[in-house]
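Letter by letter, the chains look like this.
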Amino acid sequence: MRAPYIPSEHVVKGLNAEPSAWIKRFCPLFSPNAKVLDMACGAGRNTKLLASFGNQVTGLDIDERCRPYIEAIRVRLLCRRI
């Protein structure tokens, strides 16, 4: 039997958090359809905004538990330890 999903603390904090001020400021300057890597994406607070501008976003996070949140945004997720 599989253990119930318990989101990590950083995933829970990111669910309703605003994107970072830096991302808000510079996202409109990206080229149309830019390829963007969101490192340590967590639950996708910045990923959502990046994708909303039509960018090709790949989220990267060490925590596999963020997968359902990132896939709901319809972007690619890599779970890796780098």
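Note that the structure is a prediction, hence the values are computed from the model and not measured. (Residues numbered from 1 in each chain as written. Predicted model: local features only at pLDDT ≥ 70, side-chain atom pairs only at ≥ 80, totals over all residues. Heavy atoms only, no water.)

S.K.: Quick question: what am I supposed to make of the sheet that holds strand β3 (residues 76-79) here?
M.R.: Hydrogen bonds between backbone atoms are what pair the strands of a sheet, whose relative direction is either parallel or antiparallel. On the basis of which strands lie adjacent, the open sheet formed by three strands has the order β1-β2-β3 and parallel pairing. The open sheet has two edge strands with one neighbour each: β1 (35-39) and β3. Between one strand axis and the next, the sheet turns by 20 degrees as a mean value, whatever way the strands run. The strands touched by helix α3 (residues 45-52) are β1 and β2 (56-61); relative to β1, the strand with the most contacts, the crossing angle is about 170 degrees. (Pairing = 2+ DSSP bridges. Helix = DSSP H or I, 4+ residues; strand = E, 2+ residues; numbered from the N terminus. Axes fitted to C-alpha atoms, helices over the stretch in contact; angles between N-to-C directions. Contact = heavy atoms within 4.5 Å.)

S.K.: Any chance you could explain the packing of aromatic side chains here in plain terms?
M.R.: Between two aromatic rings, the relevant description is the distance of the centres plus the angle of the planes. Tallied over the full model, the rule gives one aromatic pair. With centroids separated by 5.1 Å and ring planes inclined at 45 degrees, the aromatic side chains of Trp22 and Phe26 adopt a geometry described as tilted. Here Trp22 and its partner Phe26 are both found in helix α2 (residues 21-26), four residues apart, which amounts to about one turn of the helix. (Phe/Tyr/Trp six-rings, centres within 6.5 Å; stacked < 30°, edge-to-face > 60°.)

S.K.: Sorry if this is basic, but what is going on with the environment of Ala72 here?
M.R.: Take Ala72: it is sitting in helix α4 (residues 67-72). With relative accessibility at 62%, the residue Ala72 sits in the exposed group. Taking C-alpha positions, Ala72 is 9.7 Å from Lys48, a pair spaced 24 residues apart along the chain. (Buried < 20%, exposed > 50% of the residue type's maximum accessible area, 1.4 Å probe, protein only.)

S.K.: So what exactly am I meant to see when it comes to the pattern of salt bridges here?
M.R.: Here the structure, examined in full by the defined rule, presents four salt bridges. Close ionic contact of Glu64 with Arg67 constitutes a salt bridge, the shortest N to O distance being 2.4 Å. (Salt bridge = Lys/Arg side-chain N within 4 Å of Asp/Glu carboxyl O.)

S.K.: Where do I start with the nonpolar core in this structure?
M.R.: Here is a general trend for soluble globular proteins: nonpolar side chains tend to be buried in one another's company. Judged by nonpolar contacts, the single largest core of 14 residues is most densely connected at Ile23, Val36, Leu50, Val57, Ile70, Val75 and Leu77. The residues touching Val75, leaving out its near neighbours within four places in the chain, are Thr47, Ala51, Val57 and Ile70. (Core = buried A, V, L, I, M, F, W, Y, C linked by side-chain atoms within 4.5 Å.)

S.K.: Would you take a moment to explain the side chain of Thr47 for this structure?
M.R.: Of note, Thr47 is situated in helix α3. The exposure class of Thr47 is buried, given its relative accessible area of 0%. Leave out the neighbours within four places in its chain, and Thr47 touches Asp38, Cys41, Val57, Ile70, Ile73 and Val75.

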